[in-house]
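Here are the chains, one letter per residue:
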Amino acid sequence: MTDGHLFSNILLGGRGGANPGQFKVHSGGLAWRKQGGGKIIEVEKDDIVSVTWMKVPRAYQLGVRIKDGLFYKFIGFREQDVSNLTNFIQKSFGITLEEKQLSVSGHNWGNVDINGNMLTFMAGSKQAFEVSLADVAQTQLQGKTDVYLEFHVDDTTGANEKDSLMDLSFHVPTSNTQFVGDENRPPAQVLLDKILKLADVGSSEEAAVTFEGIAILTPRGRYSVELHLSFLRLQGQATDFKIQYGSIVRLFLLPKSNQPHTFVVVTLDPPIRKGQTLYPHIVIQFETDLVVERDLLLSEELLATKYKDRLEASYKGLIHEVFTKILRGLSGAKVTRPGSFRSCQDGYAVKSSLKAEDGLLYPLEKGFFFLPKPPTLILHDEIDFVEFERHGAGGSSVSSHYFDLLVKLKSDQEHQFRNIQRNEYHNLFSFIGGKGLKIMNLGDAQSTGGVATALQNADDDAVDPHLERIKNAAGGEESDEEDEDFVVEKDDGGSPTDDSGGEESDASESGDEKEKSAPKESKKETSGAKASSSKRRSKDGDEGSKKRKQKKKKDPNAPKRAMSGFMFFSNAERENIKKAQPGLAFTDVGRALGEKWKKMSAEEKEPYEAMARADTKRYKEAMVGYKSGAAMNIDSGNESE
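In this text the structure is predicted, and so the values were computed from the model without any measurement.

Our focus in this paragraph is the overall build of the chain. Regarding its fold elements, the chain presents 16 helices and 32 strands. The buried share of the chain, reckoned over its 641 residues, is 46%. Once local pairs closer than 6 in sequence are excluded, the contacts in the chain between residues at least 24 apart make up 54%. Counting every atom, the chain has about 32,800 Å² of accessible surface; 47% of that belongs to carbon and sulfur.

Within a sheet, each strand pairs with its neighbour through backbone hydrogen bonds, oriented either parallel or antiparallel. One open sheet holds the 3 strands; their spatial order is 9-10-11, and the pairing between them is antiparallel. Looking at which strands have only one partner, the edges of the open sheet turn out to be strand 9 (111-115) and strand 11 (126-132). Across the sheet, the mean angle separating the axes of adjacent strands is 25° when strand polarity is ignored. Bridge count for strand 10 (residues 118-123) against strand 11 is 6 bridges, and the pairing is antiparallel. Pairing of Ala123 across the sheet is with Lys126, part of strand 11.

Moving on: the packing of helix 14 (residues 565-580) against helix 15 (residues 586-599). It is the contact of helix 14 with helix 15, at a shortest axis distance of 10 Å, that shows an interaxial angle of 120°. Accordingly, the angle class assigned to the pair helix 14 and helix 15 is oblique. As helix 14 packs across helix 15, the resulting crossing turns out to be right-handed. For the pair formed by helix 14 and helix 15, the contact residues are Gly565, Phe566, Phe569, Ser570, Glu573, Arg574, Ile577 and Lys578 on the first element and Val589, Ala592, Leu593, Gly594, Lys596 and Trp597 on the second.

Summarising the element assignment, Ile272 is placed in strand 20 (residues 261-274). Among the residues examined, Ile272 registers a relative accessible area of 0% and is labelled buried. On a C-alpha basis, the gap between Ile272 and Ile243 in space is 7.5 Å, while along the polypeptide they are 29 residues apart.

Residues Leu371 and Pro372 are joined by a peptide bond in cis, for which omega reads 5°. By the secondary structure assignment, Pro372 is in the loop between strand 27 (367-371) and strand 28 (376-379). With an omega of -15°, the peptide bond between Lys373 and Pro374 qualifies as cis. Following the sequence through the fold, Pro374 ends up in the loop between strand 27 and strand 28. Although it is not a glycine, Lys355 sits at a positive phi angle of roughly 55°. Mapped onto the elements, Lys355 comes out in the loop between strand 25 (350-354) and strand 26 (357-363). With a phi angle near 60°, Asn419 is a residue other than glycine that sits in the positive phi range. With respect to the helices, strands and loops of the structure, Asn419 is situated in strand 31 (residues 414-421).

A few words on the environment of Ala188. On the secondary structure map, Ala188 appears in helix 2 (residues 187-199). Each C-alpha atom, one on Ala188 and one on Phe170, is 8.5 Å from the other, the two residues being 18 residues apart in sequence. Setting aside anything within four residues of it in sequence, one finds Ala188 in contact with Leu141, Lys144, Thr145, Asp146, Val147 and Val172.

For the rest of this paragraph, the subject is the pattern of salt bridges. Taken as a whole, this structure holds 12 salt bridges when the rule is applied. A salt bridge links Arg78 to Asp81; the shortest N-O distance between them is 3.4 Å. Judged by relative accessible area, which is 5%, Asp81 ranks as buried. Of the charged contacts in the structure, one is a salt bridge between Asp240 and Arg233, with a shortest N-O distance of 2.7 Å. What makes Asp240 partly exposed here is its relative accessible area of 34%. Taken together, the shared-partner salt bridges connect Glu226, Arg233 and Asp240 into one network.

In terms of nonpolar packing, the biggest core is built from 39 residues, with Phe211 and Leu227 touching the most fellow members. The set of elements that each furnish at least two residues to this core consists of strand 15 (209-218), strand 16 (221-227), strand 17 (231-235), strand 18 (240-244), strand 19 (248-255), strand 20, strand 21 (277-287) and helix 5 (319-331). No other element matches helix 5, which puts 6 residues into this core. Apart from residues lying up to four places away in sequence, Phe211 is in contact with Tyr223, Ser224, Val225, Leu227, Arg294, Ile319, Val322, Phe323 and Ile326. Core analysis: the second largest hydrophobic core is formed by 26 residues, Ile66, Tyr72, Phe77 and Phe88 among them.

With that settled, the discussion passes to a negative patch on the surface. Together, Glu42, Glu44, Asp46 and Asp47 give the surface a local cluster of negative charge. Mapping Glu44 onto the fold places it in strand 4 (residues 40-44).

Calculation rules
- Residues numbered from 1 in each chain as written.
- Predicted model: local features only at pLDDT ≥ 70, side-chain atom pairs only at ≥ 80, totals over all residues.
- Heavy atoms only, no water.
- Helix = DSSP H or I, 4+ residues; strand = E, 2+ residues; numbered from the N terminus.
- Buried < 20%, exposed > 50% of the residue type's maximum accessible area, 1.4 Å probe, protein only.
- Contact = heavy atoms within 4.5 Å.
- Areas by Shrake-Rupley, 256 points an atom, 1.4 Å probe, with all protein chains shown as cover.
- Pairing = 2+ DSSP bridges.
- Axes fitted to C-alpha atoms, helices over the stretch in contact; angles between N-to-C directions.
- Parallel < 35°, antiparallel > 145°, perpendicular 65-115°, else oblique.
- Left-handed = near helix turned anticlockwise from the far one by under 90°.
- Salt bridge = Lys/Arg side-chain N within 4 Å of Asp/Glu carboxyl O.
- Core = buried A, V, L, I, M, F, W, Y, C linked by side-chain atoms within 4.5 Å.
- Patch = residues over 30% accessible without salt bridge, like charges linked within 9 Å, V, L, I, M, F, W, Y side chains within 5 Å.
- Lys, Arg positive; Asp, Glu negative; His and termini not counted.
- Charge placed at Lys NZ, Arg CZ, Asp CG, Glu CD.

Right, here's the structure in full:
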């Protein structure tokens, strides 16, 4: 590669754990992208101050220091990579790489070297460890010889990080010659003053700006949101999160359709953690028309140097715009707003449901985002194909009034967005087609056939089955829930890679609801309904009802639809639940199975998921033969009047 070098399986070191990804160095700088999508780090060559090599266990580490004091560690290079990258960086950047050696002797006596915001402890000429002073929450002098450092509680440790550095203490004897003092100012005090000056601990204790009483939907609650120089703090009645700006991947500013609220989503990598639940997306809800005025508690020197062209001394405007501008200026994260898609109501999203939750599906320029719960971000690059599906329940006009959108990922994971109104079909289809995504249509290879034909011929007076379910649950009264009331009590991590949650609802649904929500069953029934859709309204009264009931009858020769991993788990564990809790109602058994499945790890779920994949393969192969036979029956005229 003449313009650079590309390396896979390179780890990004730091307090958030080691994340694998792709590392590229080119003539304009270097870049690292997390494997599977997420965090991206880009450094221009003019911002690089120094580059170092170090031999670490089983690999080599490349250290890159940039102008604003940040230090990145990239781990996983081979020995033969050292000379290649050394020559390339020296030729392209004009920087000579320094070699550092790691101390493995275990000695705890040495010298302290402070460079930028990195504190390095040297045992002789070798490096023992290094810490970022940006992570220091407070520091103080203990006695006359000890300097104590306390680090921020790291709420962005991710799934793999079990332990986190909390405090550190240095013993600086009065005979120390590196930090020379006097009788009134011992060497330990000299070291402390230097740390305070470079770490800027004092100014970071006070927030640059604070927003009080903000409604956050995940993690649920009302918080005081503080924006500090190096981190974001969410302070609630029972929880307190500190989020380093380096963990913020992107900001999303998404107005809610025809509602007086606007979503601001802070996407994190690694995510924050509350107990065993991970939150990769912080979903904040602002009042759209609320105007605020905020002054930043920053010195004129900082605004003129570090935050020049990024922040202003004061802001006045809509609260979601003010919040986003300040957070963007402090964190450097990019902001994504709605793209070219418009719904039939001229909104930016379509109403739908995911798992057991109602929400909004935002078609964006580079992905789809379902909000508010579970917040699910799907990038276009991750999608294998999308599929428009009709409801398969009843064969009546109800099934044609709404459709589902199945999104199949390249990882074989599926997201089923249900109960989308039929008048959104054409706008959604045109937008997805314009993005070049592969569309799989049921029963017809033509892009406007199958689902489109059925939706065009649907009855305008059809009943919304999802609304009826809500009415029944509320005792016949229509529910008009507000997001800020936090009616839903269940917290969901919302991780796009997490299939847990929502299964418990499927396990306890009635037979009719199961039939409405079964995505695989809808494939077979849509194929049969397509041949008779133009004749559905040719006769009315009892005769028409009888015909619809006859068409609803299931073909005994049709293949049995594939079961999910959760269903295999339920079949295996249902009797154990009944034995452990005799007399438990059927719906409570399903709820208990759903809770147990949600708490299982990926390794524990894998045997059942493997059975589900095998069953899906069996079903697809069987459907190929079945559909070819069904097509022959339709052509024979058996369905004609």
